[in-house]
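# An overview of the molecular structure
Here are the chains, one letter per residue:
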Amino acid sequence: MALLSLAGADSGYAPVNGLKMYYEIHGSGEPLVLIHGGGSTIQTTFGAVLPAFAKGRKVIAMELQGHGHTGDINRPLSFEQDADDVAALLKYLKIEKADIFGFSNGGNTAMQLAIRHPQLVRKLIIGSAFYKQSGIHPQVLASFPHATADNMPPVLKNAYLQAAPDPSQLSVLVSKLMKRLLEFKDWNPADIRAIKAPALIMAGNNDVAKLEDTIELLRLFPHAQLMIFPGGHGTYIGEVTGAVKGSKLPELAVQVMEEFLAGQ
């Protein structure tokens, strides 16, 4: 699947908790909200699957604080704040309830949205996320203190530089992202157990989070299903840093997600 062009998207900026948050709307139908990964944009995370979703749904995607077209402001990054920002965007767009799909850091944000704003969430898809720091593979966690703008994956770096209102802020974004991950405080399992929305948990078998932690996360949800795909972080949705040329996994992943969303 090729990356989606911005052509045809209804895009704009919403005043959200001190941000000018960039958003796009593709297609029509029941709303599906897409929340991208850390250091990413709408396109780098979802470009390979968004066109398929937009064939039958109203797809709402945003770029979170400091990401892509959305400028940064003087506050740290937190998954809780990101969730509040997404909730405020949906209120601005007059979306009363939606299905939510968050990938990687966006999956953490999606969980917090379901915890903090349950009235907004019909069904929840969580891709490649975690709820406790020990759930991250040790070698991945050990790499976080060494992450800089210079060693950022080039495809993510270039996407940021092309979209950002102030490209000089890339090092600030990387620093904030790593601080959030390194200082992550494990979430209370009771908060996840209280999520009533049906959930689909997805991951690669060689993902950032340990497989056993992903299964543990599944068991916390009162109403959840699990889908493990072959491959690494984002391979199954064609995320640009994990995409495999010619792979049919993104098409399969969309089919799995659409079946989950359509089910009772």
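As a reminder, the structure under discussion sits directly above these lines.
What this report covers is the structure whose coordinates are included nearby. (Residues numbered from 1 in each chain as written. Predicted model: local features only at pLDDT ≥ 70, side-chain atom pairs only at ≥ 80, totals over all residues. Heavy atoms only, no water.)

Considering the arrangement of structural elements, one finds Lys91 in helix H3 (residues 79-92). Lys91 sits 61 residues away from Met152 along the chain, and the two C-alpha atoms are 34 Å apart. (Helix = DSSP H or I, 4+ residues; strand = E, 2+ residues; numbered from the N terminus.)

Another point: the pairing of strand E4 (residues 57-63). Among the seven residues that make up E4, six are buried, leaving the element largely enclosed by the rest of the structure. Relative to E4, strand E2 (residues 19-26) runs antiparallel, the two sharing five bridges. Among the inter-strand pairings, Ile25 is bridged to a residue of E4, identified as Ile60. The pairing of strand E3 (residues 30-35) with E4 spans six bridges and is parallel. Looking at the pairing, Leu32 lines up with Val59 of E4. (Buried < 20%, exposed > 50% of the residue type's maximum accessible area, 1.4 Å probe, protein only. Pairing = 2+ DSSP bridges.)

Where H3 meets helix H4 (residues 105-116), the closest approach of the two axes is 8 Å, and the angle between their N-to-C directions is 70°. The angle between H3 and H4 places the two elements in the roughly perpendicular class. Read as a crossing pair, H3 and H4 show a hand that is right-handed. Between H3 and H4, the contacting residues are Phe79, Glu80, Asp82, Ala83, Asp84, Val86 and Ala87 on the first element and Asn105, Asn108, Thr109, Gln112, Leu113 and Arg116 on the second. Across the contact of H3 with H4, the residue classes break down as five nonpolar, four polar and four charged. (Axes fitted to C-alpha atoms, helices over the stretch in contact; angles between N-to-C directions. Parallel < 35°, antiparallel > 145°, perpendicular 65-115°, else oblique. Left-handed = near helix turned anticlockwise from the far one by under 90°. Contact = heavy atoms within 4.5 Å. Nonpolar A, V, L, I, M, F, W, Y, C, P; charged D, E, K, R; others polar.)

Moving on: the sheet that holds strand E6 (residues 121-127). Backbone hydrogen bonds hold the strands of a sheet together, and the pairing may be parallel or antiparallel. Overall, mixed pairing links the eight strands, which are arranged E1-E2-E4-E3-E5-E6-E7-E8 in an open sheet. For this open sheet the edge positions go to strand E1 (10-16) and strand E8 (224-229), each flanked by a neighbour on one side alone. On average, each strand axis in the sheet is tilted by 20° relative to the strand beside it, whichever way the strands run. Against the sheet, H3 engages E1, E2, E3 and E4, with an angle of about 115° to E1. Relative to the sheet, H4 contacts E3, strand E5 (98-103) and E6, its axis offset from that of E5 by approximately 145°.

This part covers unusual backbone geometry. For Lys94, which is not glycine, the phi torsion reads 60° and is therefore positive. Within the secondary structure layout, Lys94 lies in the loop between H3 and E5. A residue is classified by how much of its surface remains accessible, and Lys94, at 72% relative accessible area, is exposed.

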